[in-house]
Amino acid sequence: MIPTDSAAFRRLVLEAAAIVGSILLAFAIDAWWDEFQDSVDTRENLVDVRMEFLEYEAELERRYELWSDYAGSMGRLLDVARSGEAPPAAVMDTLLHDLTWASTFDPGTGAVNALIASGRLEFVRSLELRSAVAAWDGVAAEVRDNEVLARDFITMVLLPYLAERGIPLSRVLAVGREDRWPDGRAPDSEARAAYAALVRDPAFGGHVAHRYSLLSLDEYREALDFVRRLLAELDAELGLD
């Protein structure tokens, strides 16, 4: 029953207002806490993503320098193929090692995937950062695609070609890890004869040229620039710039 006297009625209204107010305040506190917790969790995710991309940056720098050196070796082999004159056996060992090196860029994306899967990417303020994180898989795939093509060519075509022509692969594959390679590498005299015949083979220059065509240094440079821009956006989002 609603009281008829004005004092009791006002008291009832005030009590009801207090109850409603406390409920609304509880909802507001819950919403604030959820938003605060999402903000904290998002920041932790972004810190992990930053560490991951710092690793990508270091790896892409290393790979760019490595493949730049190997591109020089392939260019020298093209000159050798044109001249038909093999350099000393130890030099050919290294040049062929660089030609047949097969490696692929396989970045782990645990932190990036965790951020996306959590749904917290939408809490990132920077549109540029959200777009860059979402686009990373495509950038990494561009780098990896040519590497996979090169690896397949090396394992299925180039190495069998060299083996069929009697190239001492025990010497080639031992370059850079002689201390871990088993004994039994071919002597210099055998290697010189095999290399002399190889560089006069008309097919050799074509194989070198094809391997060289699969090496795209621009993709490493573009990926490295992308990672550096993303890191700058991350630093701004985290207040580290």
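For the structure, check the block above.
What counts as what
Residues numbered from 1 in each chain as written. Predicted model: local features only at pLDDT ≥ 70, side-chain atom pairs only at ≥ 80, totals over all residues. Heavy atoms only, no water. Core = buried A, V, L, I, M, F, W, Y, C linked by side-chain atoms within 4.5 Å. Buried < 20%, exposed > 50% of the residue type's maximum accessible area, 1.4 Å probe, protein only. Helix = DSSP H or I, 4+ residues; strand = E, 2+ residues; numbered from the N terminus. Contact = heavy atoms within 4.5 Å. Salt bridge = Lys/Arg side-chain N within 4 Å of Asp/Glu carboxyl O. Expected span 1.5 Å × (residues − 1). Arc of directions from axis to C-beta. Polar contact = N/O pair within 3.5 Å; in protein donor to acceptor, adjacent residues only side chain to side chain. Phe/Tyr/Trp six-rings, centres within 6.5 Å; stacked < 30°, edge-to-face > 60°. Patch = residues over 30% accessible without salt bridge, like charges linked within 9 Å, V, L, I, M, F, W, Y side chains within 5 Å. Areas by Shrake-Rupley, 256 points an atom, 1.4 Å probe, with all protein chains shown as cover.

Colleague: Which residues make up the nonpolar core, and what are the values?
Modeller: Counting 57 residues, the largest nonpolar core has Phe53, Leu96, Trp136 and Ile167 as its most contacted members. Those elements giving two or more residues to this core turn out to be helix 1 (6-83), helix 2 (89-100), helix 3 (110-118), helix 4 (127-164), helix 5 (169-172), helix 6 (188-199), helix 7 (202-213) and helix 8 (217-238). Ranked by the residues each element gives to this core, the list is headed by helix 4, at 13 residues. Look past the residues within four positions of Leu96 in its chain and what remains in contact with it is Leu77, Ile167, Val172, Tyr195, Leu198 and Phe204.

Colleague: Describe the pattern of salt bridges, naming the residues involved and giving the relevant values.
Modeller: If the charged atoms of two oppositely charged side chains come close together, the side chains can form a pair. What the rule picks out here adds up to 15 salt bridges. The shortest N-O distance in the salt bridge between Arg125 and Glu237 comes to 4.0 Å. Of the two residues, Arg125 is situated in the loop between helix 3 and helix 4 and Glu237 in helix 8; the sequence distance between them amounts to 112 residues. On the accessibility criterion, Glu237 (11% relative accessible area) is buried. A salt bridge links Glu164 to Arg165; the shortest N-O distance between them is 3.6 Å. One network of salt bridges, with partners in common, ties together Glu59, Arg62, Arg63 and Glu147.

Colleague: For helix 7, give the residues involved together with the corresponding values.
Modeller: With 12 residues, helix 7 extends 18 Å from end C-alpha to end C-alpha; this agrees with the ideal 16 Å at 1.5 Å per step. Taken residue by residue, helix 7 has Phe204, Gly205, His207, Val208 and Arg211 as its buried positions. Burial along helix 7 is one-sided: seen end-on, the buried residues are contained in an arc of 160°. The opening residue of helix 7 is Asp201, an N-cap whose side-chain oxygen sits 3.0 Å from the backbone nitrogen of Ala203.

Colleague: Which residues make up the side chain of Glu219, and what are the values?
Modeller: With respect to the helices and strands, the residue Glu219 is situated in helix 8. Apart from the residues within four sequence positions on either side, Glu219 is in contact with Glu142, Val143 and Asn146.

Colleague: Hey, could you go over the packing of aromatic side chains for me, with residue numbers and the actual values?
Modeller: Two measures describe an aromatic ring pair: the distance that separates the ring centres and the angle between the ring planes. Scanning all chains against the criterion turns up 6 aromatic pairs. Centroid distance Tyr56 to Trp136: 5.0 Å. Interplanar angle 15°. Geometry classified as stacked. With Tyr56 in helix 1 and Trp136 in helix 4, the pair connects residues that are 80 residues apart, well separated along the chain. Residue Tyr56 shares its accessibility class with Trp136, and that shared class is buried. Centroid distance Trp136 to Phe226: 6.1 Å. Interplanar angle 20°. Geometry classified as stacked. Separated by 90 residues along the polypeptide, Trp136 in helix 4 and Phe226 in helix 8 bring together distant segments of the chain. Take Trp136 and Phe226: they sit in the same class, and that class is buried. Connected via pairs of aromatic rings, a cluster forms that spans Phe53, Tyr56, Phe105, Trp136 and Phe226.

Colleague: Describe helix 6, listing the residues and the values that go with them.
Modeller: An ideal rise of 1.5 Å per residue puts 16 Å on 12 residues; helix 6 measures up with 16 Å between its terminal C-alpha atoms. All of the buried residues in helix 6 are Ala191, Ala194, Tyr195, Leu198 and Val199. What you see down the axis of helix 6 is that its buried residues fit within an arc of 125°, all on one side.

Colleague: Tell me what's going on with a nonpolar patch on the surface, and back it up with residues and numbers.
Modeller: Together, Val47, Met51 and Leu54 make up an exposed nonpolar region whose accessible area comes to about 230 Å². Here Leu54 shows up in helix 1.

Colleague: Describe the environment of Asn146, listing the residues and the values that go with them.
Modeller: With respect to the helices and strands, the residue Asn146 is situated in helix 4. Residue Asn146 is classed as buried on the basis of its relative accessible area of 19%. Apart from residues no more than four positions distant in its own chain, Asn146 is found in contact with Leu214, Ser216 and Glu219.

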